[in-house]
Amino acid sequence: MDEFKETIKLRCTFCYSEQFALPYEHYSPPSHSFVICANCGRENDVTSLLIVAKSKGIAIAKDYADKLVVQMKKELTKSFRNNKFISIK
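Keep in mind the model is a prediction, meaning the values are calculated, not measured.

Draft legend 1. Local environment of the overall build of the protein. Scanning the protein for helices and strands turns up 1 helix and 3 strands. Across the protein, helices and strands are ordered from the amino to the carboxyl terminus as β-β-β-α. What you see for the protein is a C-alpha radius of gyration of 21 Å, clearly larger than the 12 Å of a compact globule of 89 residues, by over 25%. In terms of principal-axis extent, the alpha carbons of the protein reach across some 65 × 20 × 20 Å. By residue count, 13% of the 89 residues in the protein fall in the buried class. Across the protein, the fraction of contacts at a sequence separation of at least 24, relative to all contacts at a separation of at least 6, is 35%.

As structure tokens, then:
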């Protein structure tokens, strides 16, 4: 699992910048609030940003799970290739 680390960055809805004006480092705004883009100065709805990040995370996890299934199938096929009682399709 260590090789599977991917960062999902939040982007401004208007200018796609990754920089937001936050009051202090590691600040986590509540989901019902707004954050101001440090590039264009417009307010972004945090809930909408989190929904986009969650959907990206789900897509990344699904792709990773699909790769694991393919890898596991290859390993099982290799392990049981000479077994006449078990066949893997």
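Draft legend 2. Focus on the side chain of S17. Take S17: it is sitting in the segment before strand 1 (20–21). Assessed through its relative accessible area of 12%, S17 is described here as buried. Within the structure, S17 has its side chain in polar contact with the backbone nitrogen of Q19 (distance 3.1 Å). If we ignore the near neighbours within four places in the chain, the residues touching S17 are L10, R11, C12, C37 and N39.

Draft legend 3. Structural view of helix 1 (residues 46–79). Across its 34 residues, helix 1 extends 49 Å between first and last C-alpha, which sits within 8% of the 50 Å expected from 1.5 Å per residue. For helix 1, the complete set of buried residues consists of V46, L49, A53, I60 and Y64. Residues of helix 1 that are buried make contact with strand 1, strand 2 (34–37) and strand 3 (43–45).

Rules and cut-offs
In this numbering scheme, every chain counts its residues from 1 along its sequence in written order. Totals for whole chains, interfaces and linings use all residues, but because this is a predicted model, local features are given only for residues with pLDDT of at least 70 and pairs of side-chain atoms are given and counted only at 80 or more. Hydrogens and waters are ignored; side-chain quantities use all the structure's heavy atoms. Starting at the N terminus, helices and strands are each numbered in turn, a helix being any DSSP run of H or I of at least four residues and a strand any DSSP run of E of at least two. For the radius of gyration, the atoms used are the C-alpha atoms, and the globule rule reads 2.2 Å times the number of residues raised to 0.38. For every residue, the accessible area obtained with a 1.4 Å probe (protein chains only) is divided by the maximum for its type, and the residue is called buried under 20%, exposed over 50%, and partly exposed between those limits. Throughout, a residue-residue contact means that at least one pair of heavy atoms, one from each residue, lies within 4.5 Å. Side-chain atoms alone can form a polar contact between residues adjacent in sequence; in general such a contact is a pair of N or O atoms within 3.5 Å, and within protein one must be able to donate a hydrogen while the other accepts it. Expected span of a helix: the number of residues minus one, times 1.5 Å.

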